[in-house]
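# Remarks on the overall topology
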Amino acid sequence: MKILGSEITPYKTYLNRRQFIQSSFASVATFTLASNLYASHNKSQNQYSDQLSENDVLNTYEEITTYNNFYEFGIGKSDPSNFSNKFKPRPWSISVEGLVTKPGMIDLEDLISNFTIEDRVYRLRCVEAWSMVIPWQGFPLKDLIKKVEPLSDAKYIEFETVYRPEEMPGQKRKTISFYVPWPYTEGLRLDEGLHPLTILSTGLYGHDLLNQNGAPLRLVVPWKYGFKSIKSIVAIRFVKEQPKTTWPLINPGEYAFYSNVNPNVDHPRWTQATERRIGEFFRRPTSMFNGYAEEVSDLYKDMDLIKYY
Ligand code: MTE
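The structure contained in this document is the topic of the report that follows. (Residues numbered from 1 in each chain as written. Predicted model: local features only at pLDDT ≥ 70, side-chain atom pairs only at ≥ 80, totals over all residues. Heavy atoms only, no water.)

### Considering the site of the ligand
Around the ligand, 15 residues are found, and the nearest of them are Asn68, Tyr71, Glu72, Thr161 and Lys231. Asparagine 69 places a main-chain nitrogen or oxygen 3.3 Å from a nitrogen atom of the ligand. Contacts to the ligand include lysine 231, whose side-chain N or O atom sits 2.7 Å from an oxygen atom. Protein coverage of the free-state accessible area of the ligand, which is 530 Å², stands at 99%. (Near = heavy atom within 4 Å. Polar contact = N/O pair within 3.5 Å; in protein donor to acceptor, adjacent residues only side chain to side chain. Areas by Shrake-Rupley, 256 points an atom, 1.4 Å probe, with all protein chains shown as cover.)

Structure below.
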């Protein structure tokens, strides 16, 4: 197994290794790789140091892959890692629909090979007031948007998660399905989708996304609450009107479309002024736009962020 060094490799090198690994020693290799990833956490901290802010420490691979929100697999934080083993993230294709010059089905492997996969360390701030720091691999959503050429009346993008109740036990469970209108959907304004911070992620810590993190392709929008970062995407639709998305549909009194991280607008049932970083004991203050204000505040310069929360 010596090819599975504990180095976190660039994603493309990693993908080549993965093909070799898969054809050789599939399950043992996956297990060994995972152990090495846990072990390499401290090393990664140095590798990504140029992307880490002063007060940020990477969360471990174990934390990121065992403490999740993914209602398709259950409501508990450990449900996604415990109950997602039946889910098959490959083969996979994404349907690009709506107001674009080039709609169509795109095979995931074609998609990945067309774009440059980059390392992006982002803070993820969940609406439940916990947070993590995650080394994602992915490509800017804008690269895909430009390729499919939106028409001039496309103002919003709607994203949809796969619906596979046979593989996703939460979609089958009556208690969850009673209030979650499957499939899970999310949306962005077109200019939010074009912002260079917005990525489609295919991996983290140099490893393909595990099912619990939204394999094989999920959105990451670091200045918005975590629920905007929709997982296991099968459709990307360009539309004229602001789409109706899952959380405002479930509870319009508590969730709205924009969901920008904002310490000045509390959730009706708890404060958003502070957060608990997973792995830490004390709470820390939450920053406007999750610390990305310099990059994104221009997108909202004429908006009342109390009204459009
Ligand atoms: N996407 C789908 N399809 N279903 C979900 O339940 N949960 C969201 C988001 N994406 C969710 C989803 C929420 S609430 C959060 S905080 C993030 O995923 C969590 O991502 P992570 O588990 O990879 O940390």
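There is more to say after this.
### Thoughts on the side chain of lysine 224
Of note, lysine 224 is situated in the loop between strand E9 (218-220) and strand E10 (233-239). In this structure the side chain of lysine 224 is engaged in a polar contact, spanning 2.9 Å, whose partner is the backbone oxygen of tyrosine 258. There is a polar contact of 3.0 Å between the side chain of lysine 224 and the side chain of asparagine 260. Ignoring any residue separated from it by four or fewer positions in sequence, one finds lysine 224 in contact with Arg125, Leu188, Glu192, Tyr258, Ser259, Asn260, Val261 and Tyr300. (Helix = DSSP H or I, 4+ residues; strand = E, 2+ residues; numbered from the N terminus. Contact = heavy atoms within 4.5 Å.)

### Some remarks on the packing of aromatic side chains
Applying the stated criterion to the full structure yields 17 aromatic pairs. Ring centres of tyrosine 71 and tryptophan 247 lie 5.6 Å apart, and the angle between their planes is 75°; on these two criteria the pair is classed as edge-to-face. Of this pair, tyrosine 71 sits in the loop between helix H3 (61-66) and helix H4 (79-82) while tryptophan 247 sits in helix H10 (residues 246-250); the two residues are 176 residues apart in sequence, bridging distant segments of the chain. Like tyrosine 71, the residue tryptophan 247 is buried in the burial classification. Taking the ring centre of tyrosine 292 as reference, the NZ or CZ of arginine 123 above it sits at 4.6 Å. Of note, lysine 228 hangs over the ring of phenylalanine 257, and the distance from its end group to the ring centre comes to 4.2 Å. (Phe/Tyr/Trp six-rings, centres within 6.5 Å; stacked < 30°, edge-to-face > 60°. Buried < 20%, exposed > 50% of the residue type's maximum accessible area, 1.4 Å probe, protein only. Lys NZ or Arg CZ within 6 Å of the ring centre and 35° of its normal.)

### A few points about empty space enclosed by the protein
This structure, assessed with the given rule, holds 3 cavities of 30 Å³ or more. Approximately 50 Å³ is the volume found for the second largest cavity. Lining the second largest cavity we find Tyr258, Ser259, Asn260, Asn262, Met288, Leu305, Tyr308 and Tyr309. Broken down by class, the residue content of the lining of the second largest cavity amounts to 5 nonpolar, 3 polar and no charged. (1 Å grid on protein atoms, 1.4 Å probe; cavity = no way out; pocket = protein on both sides within 12 Å on 5 of 7 lines; lining within 4 Å. Points joined across faces, edges and corners; volume = space filled by probe spheres on them. Nonpolar A, V, L, I, M, F, W, Y, C, P; charged D, E, K, R; others polar.)

### Observations concerning the sheet that holds strand E1 (residues 93-98)
Strand pairing in a sheet takes place through backbone hydrogen bonds and is either antiparallel or parallel in direction. In space, the 5 strands of this open sheet follow the order E2-E1-E10-E5-E6, with mixed pairing throughout. The outermost strands of the open sheet, each flanked by one partner alone, are strand E2 (104-107) and strand E6 (185-189). For this sheet the average axis-to-axis angle between neighbouring strands, irrespective of direction, equals 20°. In the sheet, strand E5 (residues 156-161) pairs with E10 via 6 bridges, with the strands oriented antiparallel. Counterpart to glutamate 160 in the pairing with E10 is alanine 235. (Pairing = 2+ DSSP bridges. Axes fitted to C-alpha atoms, helices over the stretch in contact; angles between N-to-C directions.)

### Comments concerning the pairing of E5
Among the 6 residues in E5, 6 count as buried, and that is most of the element. Burial of E5 is two-sided: the residues Tyr156, Glu158 and Glu160 facing one way and the residues Ile157, Phe159 and Thr161 facing the other way are all buried.

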